[in-house]
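What follows is the residue order along each chain.
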Amino acid sequence: MRYYSTRSKNNAVNFATAALTGLAPDGGLFVPEEIPQYPQAVLSSLGTMDYRDIALETIKPYVRGEIPDTVLEDIVQSAYPFTAPLVGVGGRFILELFHGPTAAFKDFGARFMARAFAYLRRGEEKPLHILVATSGDTGGAVADGFFQVPGISVTVLYPKGRITPLQEKQIAGLGGNISALAVEGSFDDCQRLVKAALADENLKKKTALSSANSINISRLIPQAVYYTAAAGRAFAGRTDPDGEATPRKGTGSREWGVGSVVSKHSEVTNTQSQQTTPPPPTPHSPLPITLCVPSGNFGNLTAGLYALKMGAPIKQFIAATNINKTVPDYLASGEYQARTSQATISNAMDVGAPSNFERMAAHFSWEEMRRVIVGVSVSDEETRETIARVYHEAGYFLDPHSAVGWKGVDKLIAENKIDGQVGVLSTAHPAKFSETVEPLVGPAPVPASLAHAMQRTVNSQTIPAEVSALLEALL
Ligand SMILES: *Cc1c(COP(=O)(O)O)cnc(C)c1O
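To start, this report covers the structure provided alongside it. All values reported here derive from a predicted model rather than from experimental measurement.

## Concerning the nonpolar core
Here is a general trend for soluble globular proteins: nonpolar side chains tend to be buried in one another's company. Among the nonpolar cores identified, the biggest contains 102 residues, and Tyr3, Phe15, Phe146, Tyr226, Tyr227, Phe317 and Ile373 are the most heavily contacted of them. A total of nine residues in this core trace back to one element, the largest contributor, which is helix H5 (residues 106-120). Counting residues in hydrophobic clusters, the runner-up holds 31 residues, among them Cys292, Leu412, Val437 and Ala444.

The structure is reproduced here in structure tokens:
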């Protein structure tokens, strides 16, 4: 597959170059020359296929000729010991994307990216150094993904005192090939320092440098997999049993782990009386599902658009944002106006100028986008109210980001803007945002991965928000 920049169709590159350089030289984002189609045989068996097999079928055409099938199979097997269960909650589907080691959906992209990088750089002598700026979730996923990957080291820059203690442990508690720098400044300062270091000639002579932010195509493609897997399950009238980390009311960690056998809705046993059953199976009139994506930088939703174009049985998307509603406003008016971001309780979505919008616009016109995406925005007050209500009515803990998605669906149903079966992507585990969730509904059950991370000791170096300080720390 060839990849070209969203800003010019000249100078197409292969997957390795697109992935290892991240941003195109002209400042654009790499997009695939064409979106491949799933073979019919794959589409008709999605409902029963193993997650890793769907991953293999999804990613294969994007890396053809560069990563052999057998290697890709190994990458996918080692990247995904966890899956993305589609469970029933209060008459809707929830696609749980938090069963990975850092309990947020970014694990799906980061773990594939790390393994793909290691393979694509085989035989290289110069070690690769990855710089990444984070406002919280990305740093943990990238650190975890690249931990102990040979030939690659990572430096994560985060704003000192502005991430949660748990996030800090996920970033700065691993050690080994992962270094952490606490920057005395904001997330924007961290990003500015990374950009400056990536362009520093002196540093470039010493080591190969790369970045791992969410505009990297190798993080995006593996995110298409869970859309296809979920849509295939729903189309076949199936859901998955709860996973180890499914945050139901009254479940302790010891009672989790129902197993990974696929079961029909009607066979799902309800152990909690508060739990509402998902919609009944419709095996004779299968319908594509509408999926609601809590969005910030719009990498996740862009991956969903790829899954749709590849042929996954998806009816429509909902782009649910907090008050940073640049994209919902664009969908309504046709005018794109980036803004400065405003702080909210769903802070991983506090983005006023979503970078991946450039990719969406490269594939779809405004009219086309309006046909497949419905926009909606949700306030902090509505988000809090939703966390409490879903807990009391359906016995399920939502994190603030997923609650934005849930409330977005409520609003659109009330306005008659959507119908049919709906699934909400749950982008993080509620225990990851306990500062917000616990005062509303009490403590959510803590998954094993987070309990483990909480025991780590933070080991990071504090630097002022100056380029010279970063260069000194790196050289
Ligand atoms: C990163 C993140 C988002 C936003 O995803 P985008 O791909 O940037 O739209 C939403 N929720 C959580 C928990 C995140 O970490």
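## Comments concerning the side chain of Ser210
Tracing the backbone shows Ser210 in strand S9 (residues 208-211). According to the relative accessible area criterion, Ser210 is buried, its value standing at 3%.

## Observations regarding the packing of helix H6 (residues 137-146) against helix H7 (residues 165-172)
Put simply, H6 and H7 touch, their axes get as near as 8 Å, and they point 30 degrees apart. Accordingly, the angle class assigned to the pair H6 and H7 is roughly parallel. Between H6 and H7 the crossing geometry is left-handed. Facing H6, whose interface residues are Asp137, Gly139, Gly140 and Ala143, H7 presents Gln167, Gln170 and Ile171. Among the residues forming the contact of H6 with H7, the class breakdown is two nonpolar, four polar and one charged.

## A few points about the packing of aromatic side chains
For any pair of aromatic rings, the description rests on two quantities: the centre-to-centre distance and the angle between the ring planes. Summed over the entire model, instances satisfying the criterion amount to 14 aromatic pairs. Relative to Phe108, the ring of Tyr51 lies with its centre 5.9 Å away and its plane at 55 degrees, an arrangement referred to as tilted. Placement of Tyr51 in helix H3 (residues 51-63) and of Phe108 in helix H5 is noted, with a sequence separation of 57 residues between them. Judged on exposure class, the residue Tyr51 and its partner Phe108 are both buried. Relative to Phe357, the ring of Tyr336 has its centre 4.1 Å away and its plane inclined at 10 degrees; by these criteria the two rings are stacked. With Tyr336 in the loop between helix H13 (326-333) and helix H14 (357-363) and Phe357 in helix H14, the pair connects residues that are 21 residues apart, well separated along the chain. Assessed through its relative accessible area of 31%, Tyr336 is described here as partly exposed. An aromatic cluster of at least three residues, connected via ring pairs, comprises Tyr51, Tyr80, Phe82, Phe108, Tyr226, Tyr227 and Phe317. Between Arg122 and the ring centre of Tyr119, over which it is positioned, the NZ or CZ distance is 4.0 Å.

## Let's talk about the site of the ligand
Neighbouring the ligand are 15 residues; Lys106, Asp137, Gly296, Asn297 and Thr427 lie closest to it. Between the ligand and Lys106, the relevant distance is 2.5 Å, taken from an oxygen atom to a side-chain nitrogen or oxygen of the residue. Between the ligand and the protein, one listed contact pairs an oxygen atom with a backbone N or O atom of Phe298 at 2.9 Å. Relative to its unbound accessible area of 380 Å², the ligand is 96% covered by the protein chains. Its residues assigned to classes, the shell around the ligand comprises six nonpolar, seven polar and two charged.

## Considerations on helix H8 (residues 187-198)
With twelve residues, H8 should reach 16 Å at 1.5 Å per residue; the first-to-last C-alpha distance of 17 Å fits that figure. When we look at burial in H8, the residues that qualify are Asp189, Cys190, Leu193, Val194 and Ala197. The buried residues of H8 occupy one face: seen down the axis, they fall within an arc of 135 degrees. Away from its buried face, by an angle of more than 90 degrees, H8 presents the exposed residues Asp188 and Lys195. The backbone nitrogen of Asp188 lies 3.3 Å from a side-chain oxygen of the residue at the head of H8, namely Ser186.

## Concerning the sheet that holds strand S15 (residues 422-426)
Pairing is mixed in the open sheet, where six strands are placed in the order S4-S5-S15-S12-S13-S14. The open sheet has two edge strands, strand S4 (86-89) and strand S14 (373-377), and neither has a second partner. Sheet twist, expressed as the mean angle between neighbouring strand axes with direction ignored, is 30 degrees. Across six bridges, strand S12 (residues 289-294) lies against strand S13 (residues 314-321) in parallel orientation. Residue Pro294 lies in a different strand from S13, and its bridge partner there is Ala320. Helix H11 (residues 224-235) contacts S4, strand S5 (92-96), S12, S13 and S15 of the sheet and is inclined by roughly 145 degrees relative to S12. Contacts from helix H17 (residues 400-414) reach S4, S5, S12, S13, S14 and S15 within the one sheet, and its direction differs from that of S15 by about 160 degrees.

Rules used in this analysis
- Residues numbered from 1 in each chain as written.
- Predicted model: local features only at pLDDT ≥ 70, side-chain atom pairs only at ≥ 80, totals over all residues.
- Heavy atoms only, no water.
- Core = buried A, V, L, I, M, F, W, Y, C linked by side-chain atoms within 4.5 Å.
- Buried < 20%, exposed > 50% of the residue type's maximum accessible area, 1.4 Å probe, protein only.
- Helix = DSSP H or I, 4+ residues; strand = E, 2+ residues; numbered from the N terminus.
- Axes fitted to C-alpha atoms, helices over the stretch in contact; angles between N-to-C directions.
- Parallel < 35°, antiparallel > 145°, perpendicular 65-115°, else oblique.
- Left-handed = near helix turned anticlockwise from the far one by under 90°.
- Contact = heavy atoms within 4.5 Å.
- Nonpolar A, V, L, I, M, F, W, Y, C, P; charged D, E, K, R; others polar.
- Phe/Tyr/Trp six-rings, centres within 6.5 Å; stacked < 30°, edge-to-face > 60°.
- Lys NZ or Arg CZ within 6 Å of the ring centre and 35° of its normal.
- Near = heavy atom within 4 Å.
- Polar contact = N/O pair within 3.5 Å; in protein donor to acceptor, adjacent residues only side chain to side chain.
- Areas by Shrake-Rupley, 256 points an atom, 1.4 Å probe, with all protein chains shown as cover.
- Expected span 1.5 Å × (residues − 1).
- Arc of directions from axis to C-beta.
- Pairing = 2+ DSSP bridges.

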